[in-house]
Amino acid sequence: SLTDLKKLAGHMTVKSFAQGDAVIKQGEKGEELFIVKSGSVLVQLAMQSKNDTSRLSKLNVTRLKSGDFFGESALLSGDAAIRTTE
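Every value quoted in this text rests on a predicted model; they were computed, and no experiment measured them.

Rules of the game
Residues numbered from 1 in each chain as written. Predicted model: local features only at pLDDT ≥ 70, side-chain atom pairs only at ≥ 80, totals over all residues. Heavy atoms only, no water. Helix = DSSP H or I, 4+ residues; strand = E, 2+ residues; numbered from the N terminus. Rg over C-alpha atoms; globule rule 2.2 N^0.38 Å. Buried < 20%, exposed > 50% of the residue type's maximum accessible area, 1.4 Å probe, protein only. Contact = heavy atoms within 4.5 Å. Pairing = 2+ DSSP bridges. Core = buried A, V, L, I, M, F, W, Y, C linked by side-chain atoms within 4.5 Å. Salt bridge = Lys/Arg side-chain N within 4 Å of Asp/Glu carboxyl O.

### Focus: the overall build of the protein chain
Line of reasoning, step 1. Of regular secondary structure, the protein chain possesses two helices and five strands.
Line of reasoning, step 2. Across the protein chain, helices and strands are ordered from the amino to the carboxyl terminus as α-β-β-β-β-α-β.
Line of reasoning, step 3. Its C-alpha radius of gyration of 15 Å places the protein chain more than 25% over the 12 Å reference for a compact globule of 86 residues.
Line of reasoning, step 4. Each principal axis of the C-alpha distribution contributes one length, and for the protein chain these read about 55 × 25 × 15 Å.
Line of reasoning, step 5. Of all 86 residues assigned to the protein chain, the portion counted as buried reaches 20%.
Line of reasoning, step 6. Contacts in the protein chain between residues at least 24 apart in sequence constitute 63% of all its contacts with a sequence separation of at least 6.

### Points about the sheet that holds strand β2 (residues 40-48)
Line of reasoning, step 1. Read from one edge of the open sheet, three strands run β3-β2-β5, paired in antiparallel fashion. Either end of the sheet is taken by a strand with one partner, and the two such strands are β3 (56-65) and β5 (84-85).
Line of reasoning, step 2. When β2 meets β3, the two strands line up antiparallel, connected through nine bridges. Within the sheet, the bridge partner assigned to glutamine 44 lies in β3 and is asparagine 60.

### Focus: the environment of alanine 80
Line of reasoning, step 1. Inspection of the secondary structure puts alanine 80 in the loop between α2 (72-77) and β5.
Line of reasoning, step 2. As for alanine 80 and asparagine 60, which are separated by 20 residues in sequence, their C-alpha atoms are 19 Å apart.
Line of reasoning, step 3. Residues within four places of alanine 80 in sequence aside, it is in contact with Gly27, Glu28, Lys29 and Ala74.

### Thoughts on the pairing of β2
Line of reasoning, step 1. Where β2 lies against β5, two bridges are found, and the strand directions are antiparallel. Note on β5: the bridge partner recorded for valine 43 is threonine 85.

### Looking at the nonpolar core
Line of reasoning, step 1. Core analysis: the biggest nonpolar cluster contains nine residues, these being Val23, Ile24, Phe34, Val36, Val41, Val43, Leu64, Phe70 and Ala81.
Line of reasoning, step 2. In this structure, valine 43 is in contact with Leu59, Asn60, Val61, Thr62, Leu64, Arg83, Thr84 and Thr85, ignoring residues within four places of it in sequence.

### Things to note about the pattern of salt bridges
When the charged atoms of two side chains with opposite charge come close together, those side chains can pair.
Line of reasoning, step 1. According to the stated counting rule, one finds one salt bridge in the structure shown.
Line of reasoning, step 2. The partner of lysine 15 in a salt bridge is glutamate 32, and the shortest N-O contact between them spans 2.6 Å. Taken together, the residues span a long stretch of sequence, with lysine 15 in the loop between α1 (2-10) and β1 (34-35) and glutamate 32 in the loop between α1 and β1 at a distance of 17 residues.

Listed below in structure tokens is the structure:
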């Protein structure tokens, strides 16, 4: 309902991030839902390197654009984020 949307909007804040800034880092506890208002964000998964297990390599999973959202899984479950989003 419109009343519910107004209540939800009252709890929202606008955050800006520079290119390359991590919005959520893999392994951090997720406590927010993010909606991409403009620009785009890159979703990455850190994985151990096959040749050097002490080194992590980043796998680009997807790029989110305006209107997309992320963080809902960690927010609802209370689990740590499974990917880095920047």
